[in-house]
Amino acid sequence: MTDKLNRFWPLIASAAFAMLLAANAAQSAATQKGARAVTQSDTQTAEQIFADAPDGVDPVVTGPVSTAFKQRQASANCDSAVWPNIPMVCYPD
């Protein structure tokens, strides 16, 4: 009896591993879809948000900011951005 059960353990382990991979792929897809939705909703430009500032709003932050924010600014080329084409990622939350 135990010899017959020993034959099925690799099959059971393979099925469990396949289910784990499928669950991980589903979670990853859901995370990516959520991140993409946030990116698409951030299409409002700085000119639209700061419509009451006709000369523009400088995205320079004078207070302390996180390293992650500095990295986001560097990756978006905020230093070379010119009004009104300044990405919203250049402004702090």
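Bear in mind that the values here come from a model prediction, so they are computed numbers and not experimental data.

Definitions and cut-offs
- Residues numbered from 1 in each chain as written.
- Predicted model: local features only at pLDDT ≥ 70, side-chain atom pairs only at ≥ 80, totals over all residues.
- Heavy atoms only, no water.
- Helix = DSSP H or I, 4+ residues; strand = E, 2+ residues; numbered from the N terminus.
- Buried < 20%, exposed > 50% of the residue type's maximum accessible area, 1.4 Å probe, protein only.
- Contact = heavy atoms within 4.5 Å.
- Areas by Shrake-Rupley, 256 points an atom, 1.4 Å probe, with all protein chains shown as cover.
- Disulfide = S-S within 2.5 Å.
- pLDDT = per-residue confidence, 0-100.
- Patch = residues over 30% accessible without salt bridge, like charges linked within 9 Å, V, L, I, M, F, W, Y side chains within 5 Å.
- Salt bridge = Lys/Arg side-chain N within 4 Å of Asp/Glu carboxyl O.

## Some thoughts on the overall build of the protein chain
Right, on to step 1. The helix and strand inventory of the protein chain stands at 3 helices and 0 strands.
Right, on to step 2. When each of the 93 residues of the protein chain is scored for burial, the buried share is 11%.
Right, on to step 3. Taking contacts inside the protein chain between residues at least 6 apart in sequence as the whole, the part at least 24 apart equals 60%.
Right, on to step 4. Accessible area for the protein chain stands at about 7600 Å²; split by element, carbon and sulfur atoms hold 60% of it.

## Points about the state of the cysteines
Right, on to step 1. Tallying each qualifying case throughout the model produces 1 disulfide.
Right, on to step 2. Between C78 and C90 runs a disulfide, and the two sulfur atoms are separated by 1.9 Å. Taking the sign of the S-S torsion, about -90° here, the bridge from C78 to C90 comes out left-handed. Here C78 is found in the segment after α3 (67–75), whereas its partner C90 is found in the segment after α3, with 12 residues between them in sequence. There is no split in this pair, since C78 and C90 are both buried.

## Describing the confidence of the model for the protein chain
Do not read the fine detail of predicted coordinates wherever pLDDT is low.
Right, on to step 1. When pLDDT is averaged across the protein chain, the result is 75; 78% of the residues are at 70 or more.
Right, on to step 2. Confidence, read as mean pLDDT per element, is least for helix α1 (residues 2–41) in the protein chain (72) and greatest for α3 (87).
Right, on to step 3. This stretch, residues 37–41, has a pLDDT under 50; its non-local contacts, to residues over four places away or in other chains, come to 0 contacts.

## A short note on a nonpolar patch on the surface
Right, on to step 1. A contiguous nonpolar patch, built from F8, W9, L11 and I12 and spanning about 460 Å² of accessible area, is present on the exposed surface.
Right, on to step 2. Its place among the elements puts F8 in helix α1.

## Details of the environment of G56
Right, on to step 1. For G56, the location among the structural elements is in the loop between α2 (46–49) and α3.
Right, on to step 2. When its relative accessible area of 26% is taken as the criterion, G56 is described as partly exposed.
Right, on to step 3. The spacing of G56 and I86 is 30 residues in sequence and 9.5 Å in space, taken between C-alpha atoms.

## A look at unusual backbone geometry
Right, on to step 1. For N77, which is not a glycine, the phi torsion comes out positive at approximately 55°.
Right, on to step 2. Position of N77 among the secondary structure elements: in the segment after α3.

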